[in-house]
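Examination of the molecular architecture
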Amino acid sequence: MGVNLPGFFKKILRGYEEEKRQREIDGFLPQALFQLASFPSNSPAEKMFGSIAEGDFGALGEEFAFALKQIDAGFPVKRALGEMKKRNSSFLLRRACDLLLKFHRSGGKNSGAMFKDVAEDVYSLQEIVRETSSALALQKYTLLIGGSVLVPIVLALLFNISSSLNEGFSQELLDLKPDVQLQQTVLFSTQLYLCVFALVSSVFVARLEEKRGKALVYFAVMAPLSLLLFNLVRGAILI
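Notes on the structure in this doc start here. (Residues numbered from 1 in each chain as written. Predicted model: local features only at pLDDT ≥ 70, side-chain atom pairs only at ≥ 80, totals over all residues. Heavy atoms only, no water.)

1. What to know about the overall build of the chain
- Each helix and strand counted, the chain has eight helices and zero strands in total.
- Tracing the chain from N to C terminus, the helices and strands come up as α-α-α-α-α-α-α-α.
- Split into buried and exposed, the 239 residues of the chain put 33% on the buried side.
- Taking the intrachain contacts of the chain between residues at least 6 apart in sequence as the baseline, contacts between residues at least 24 apart amount to 65%.
- Looking at the chain as shown, the accessible area adds up to about 14,900 Å², and 63% of this sits on carbon and sulfur atoms. (Helix = DSSP H or I, 4+ residues; strand = E, 2+ residues; numbered from the N terminus. Buried < 20%, exposed > 50% of the residue type's maximum accessible area, 1.4 Å probe, protein only. Contact = heavy atoms within 4.5 Å. Areas by Shrake-Rupley, 256 points an atom, 1.4 Å probe, with all protein chains shown as cover.)

2. Structural notes on the nonpolar core
- Judged by nonpolar contacts, the single largest core of 35 residues is most densely connected at Leu33, Leu36, Phe49, Leu60, Phe64, Leu93 and Phe115.
- The set of elements that each furnish at least two residues to this core consists of α1 (5-37), α2 (45-54), α3 (58-72), α4 (77-87), α5 (91-106) and α6 (111-173).
- Looking at this core element by element, the count peaks at eight residues for α5.
- Look past the residues within four positions of Phe64 in its chain and what remains in contact with it is Phe49, Ile52, Ala53, Met84, Leu93 and Leu100.
- Ala198, Tyr218, Met222 and Ala223 belong to the second-largest nonpolar core, a separate cluster that totals six residues. (Core = buried A, V, L, I, M, F, W, Y, C linked by side-chain atoms within 4.5 Å.)

3. Some details on the environment of Asp72
- Structurally, Asp72 is set in helix α3.
- By relative accessible area, Asp72 is classed as exposed at 62%.
- Residues Asp72 and Glu46 lie 26 residues apart in sequence; the distance between their C-alpha atoms is 8.6 Å.

4. Observations regarding the side chain of Asn88
- For Asn88, the location among the structural elements is in the loop between α4 and α5.
- Judged by relative accessible area, which is 2%, Asn88 ranks as buried.
- A polar contact is formed between the side chain of Asn88 and the side chain of Gln22, at a distance of 3.0 Å.
- In this structure the side chain of Asn88 is engaged in a polar contact, spanning 3.3 Å, whose partner is the side chain of Glu63. (Polar contact = N/O pair within 3.5 Å; in protein donor to acceptor, adjacent residues only side chain to side chain.)

5. Brief notes about the packing of α3 against α4
- At a minimum axis separation of 9 Å, α3 and α4 run at an interaxial angle of 145°. At the point where α3 passes α4, the crossing takes the right-handed sense. On α4, the residues touching Glu63, Phe64, Phe66, Ala67, Gln70 and Ile71 of α3 are Val77, Ala80, Glu83, Met84 and Arg87.
- Broken down by class, the residue content of the contact of α3 with α4 amounts to seven nonpolar, one polar and three charged. (Axes fitted to C-alpha atoms, helices over the stretch in contact; angles between N-to-C directions. Left-handed = near helix turned anticlockwise from the far one by under 90°. Nonpolar A, V, L, I, M, F, W, Y, C, P; charged D, E, K, R; others polar.)

6. With respect to a nonpolar patch on the surface
- Taken together, the side chains of Phe188, Leu192, Val196 and Val200 make up a nonpolar region of the molecular surface, amounting to roughly 390 Å² of accessible area.
- Among the secondary structure elements, Phe188 is positioned in helix α7 (residues 180-208).
- Exposure remark for Phe188: the relative accessible area of 55% places this residue in the exposed category. (Patch = residues over 30% accessible without salt bridge, like charges linked within 9 Å, V, L, I, M, F, W, Y side chains within 5 Å. Salt bridge = Lys/Arg side-chain N within 4 Å of Asp/Glu carboxyl O.)

7. So, the packing of aromatic side chains
- If you walk through the whole model with that rule in mind, you get four aromatic pairs.
- Ring geometry for Phe28 against Phe57: centres 6.2 Å apart, planes inclined by 85°, an arrangement best described as edge-to-face. Taken together, the residues Phe28 in helix α1 and Phe57 in the loop between α2 and α3 connect sequence positions 29 residues apart. (Phe/Tyr/Trp six-rings, centres within 6.5 Å; stacked < 30°, edge-to-face > 60°.)

8. Things to note about the pattern of salt bridges
- Using the criterion set out here, one finds four salt bridges in the structure.
- Arg21 serves as the salt-bridge partner of Glu62, at 3.5 Å between the closest nitrogen and oxygen. Note that Glu62 is positioned in helix α3 and Arg21 in helix α1, a separation of 41 residues in sequence.
- Judged by relative accessible area, Arg21 falls into the partly exposed class, the value being 22%.
- Here the residues in one salt-bridge network are Arg21, Glu62, Glu63 and Arg87, joined through shared partners.

9. Some words on the side chain of Glu63
- Mapped onto the elements of the fold, Glu63 is located in helix α3.
- Setting aside residues up to four positions removed in sequence, Glu63 forms contacts with Arg21, Ile25, Met84, Arg87 and Asn88.

Limitation: the analysis is restricted to geometry and does not speak to function.
This is the structure:
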């Protein structure tokens, strides 16, 4: 069964663009909530939506602009917010939609304090997420770079040294011919190890990111790169 590579990479690109868009939405969300907190109680939902849609809130503004168009077209506020939740995977945005719906149902009572508290909570949560992401990024790139660059280079150098020592010891001291079959077995085993290491590293990093679909992408890059570097350093590229 063949693999549609153009379609596969298009899917990966769409996933990356969607992830980037959701990060942008999360980044603008606290500012938008603080802006909503400035509205007096009993403010119309349409007016609040419009303030975010017309503000400089990037993708978040686009979402609220689309929701405002739906409301103008006759959609109830509840349905417009529900559609926004379906379009986005951001937990923070979904939480904000629930908050806006609660505000709409309550008639806007104590909305300023409510939005301000949530905005502060979002800021705190984002700080925790940034710290955690930095720690995970260090582990991730150490594993990816080590598995695809450092490990194959070290193994190639060790293979060359062991091969030279084996040839010198066999010929000069024992007057024996080097075991070519044994060398080929070691070579094959080393390359198999690099592929297995790349696979395990890819799965681990993908699970670390909670995006299992990326495991195939990481493996598709790590395995060929590690094999290429290994064979370059040891002095031959196998085709």
